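# Coordinates in review
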Amino acid sequence: MRGVPKSLRDLARVFCLVVVFWALAIYLELSEKLALWLLGYERLQLDEMPLTLLVLSISLAWFAFRRFAEAASLLKTNRHLTQRLITAQEDERRTLARELHDEVGQACTALRIEAAYIAKAAMTNPNAVLEAAGRMDQSVLRMQSLARDLLKRLRPPILDSLGLVESLEELCRNWHRQFGILCLTDFDALQANPPDPVCTSLYRVTQEALTNIARHAQASQVRVALRVDHRYLTLTVTDDGQGLAQTTPVEGLGLIGMRERIASLQGEIHFEDAHPGLRIRAQIPLASLKP
Ligand SMILES: Nc1ncnc2c1ncn2[C@@H]1O[C@H](COP(=O)(O)OP(=O)(O)OP(=O)(O)O)[C@@H](O)[C@H]1O
Ligand SMILES: [Mg+2]
């Protein structure tokens, strides 16, 4: 039996059970006995039960088949998504590796050349030593700026130092400066900073929503709001652009990633028509924030 799929084994078990029952029914003449017994309850229409139960069994088999097909399709989507996430992760690693190789590798070589030059010219040419020191300083500055960029990509440092609300303010300010699209913010004051996964998810959802608006929406204005009531923490990002085309096949990972992040916090995310534009509304239940 090893190597045979589990579903086939279960089907074989069902088949065996039916054959055994059939043999037993033939031996004991079960249907005749049941029919006789049910006739006694004709006034309650119990004699119609066997056929009704047969219809129920067929309906349940149909129901199970539909759920089976649904589960298979979900599994397929899940595999596809996992594959795409792994590819995206590999792409990101490749980019980081390339930047480290090109920038840091080159800067280190330059530093070693300058160091060798300084060692040679130390006694004879003090001016050349000063110039080499200046060039070394520039290389180190470039490396520092690269390290800062890479670290920002790996984790937004302002989340740790500023907290969620201020980090979102900063994100919106920078985005407005970069793309020149008006970005209005309206954030409720939070009594305490939410747990780290919530802050990171809301920050990343806002970041992807703003990136999408700059890339796809042709909007002139964006409103980012954070609301807190006794049940939910709600983030909305609304633009006045062309909105999400109903027919757009979702090719990218952005919207899927948002959905996954919010679902992992037991929350819900909705992509609504903002007449005109798109409203993204992410709702996280406060109960899920408690440790
Ligand atoms: N604010 C928006 N306004 C109009 N269309 C949008 C908006 N946000 C997303 N879309 C549409 O939804 C599609 C899917 O977005 P998604 O972020 O998942 O992918 P992407 O931005 O194309 O690629 P990726 O985010 O993976 O780099 C986009 O290609 C775009 O057509
Ligand atoms: Mg995107």
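Cut-offs applied
- Residues numbered from 1 in each chain as written.
- Chains lettered and ligands numbered in written order.
- Predicted model: local features only at pLDDT ≥ 70, side-chain atom pairs only at ≥ 80, totals over all residues.
- Helix = DSSP H or I, 4+ residues; strand = E, 2+ residues; numbered from the N terminus.
- Rg over C-alpha atoms; globule rule 2.2 N^0.38 Å.
- Buried ≥ 20, exposed ≤ 12 C-beta atoms within 10 Å, placed from the backbone.
- Contact = placed C-beta atoms within 7 Å.
- Near = placed C-beta within 6 Å.
- Nonpolar A, V, L, I, M, F, W, Y, C, P; charged D, E, K, R; others polar.
- Core = buried A, V, L, I, M, F, W, Y, C linked by C-beta atoms within 7 Å.
- Domains from an automatic or database assignment.

Turning our attention to the overall build of the chain. A count of helices and strands for the chain gives eight helices and five strands. For the chain, the N- to C-terminal ordering of α and β elements is α-α-α-α-α-α-β-α-β-β-α-β-β. For a compact globule of 291 residues, the expected C-alpha radius of gyration is about 19 Å, and the chain comes in at 33 Å, more than 25% above that figure. By residue count, 16% of the 291 residues in the chain fall in the buried class. Long-range pairs, those at least 24 residues apart, make up 63% of the contacts in the chain between residues at least 6 apart in sequence.

The next thing to look at is the site of ligand 1. Lining the immediate environment of ligand 1, one finds 18 residues, of which Asn 212, Ala 217, Gly 252, Gly 254 and Leu 255 sit closest. Elements represented by at least two residues in the shell around ligand 1 include exactly α7 (196–217) and α8 (254–263). For the shell around ligand 1, the element with the most residues is α7, which contributes five residues. The residue makeup of the shell around ligand 1, split by class, is seven nonpolar, eight polar and three charged.

Our next topic: the nonpolar core. Across soluble globular proteins, you tend to see nonpolar side chains buried next to one another. Membership of the largest hydrophobic core comes to 32 residues, with the highest contact counts inside it found for Leu 168, Leu 202 and Val 205. Sort the elements by how many residues they give to this core and α7 lands first, with nine residues. Look past the residues within four positions of Leu 202 in its chain and what remains in contact with it is Leu 164 and Leu 235.

For the chain, the assigned domains read domain 1 (6–82), domain 2 (98–154) and domain 3 (158–289). The straight-line distance from the C-alpha centre of domain 2 to that of domain 3 is 40 Å.

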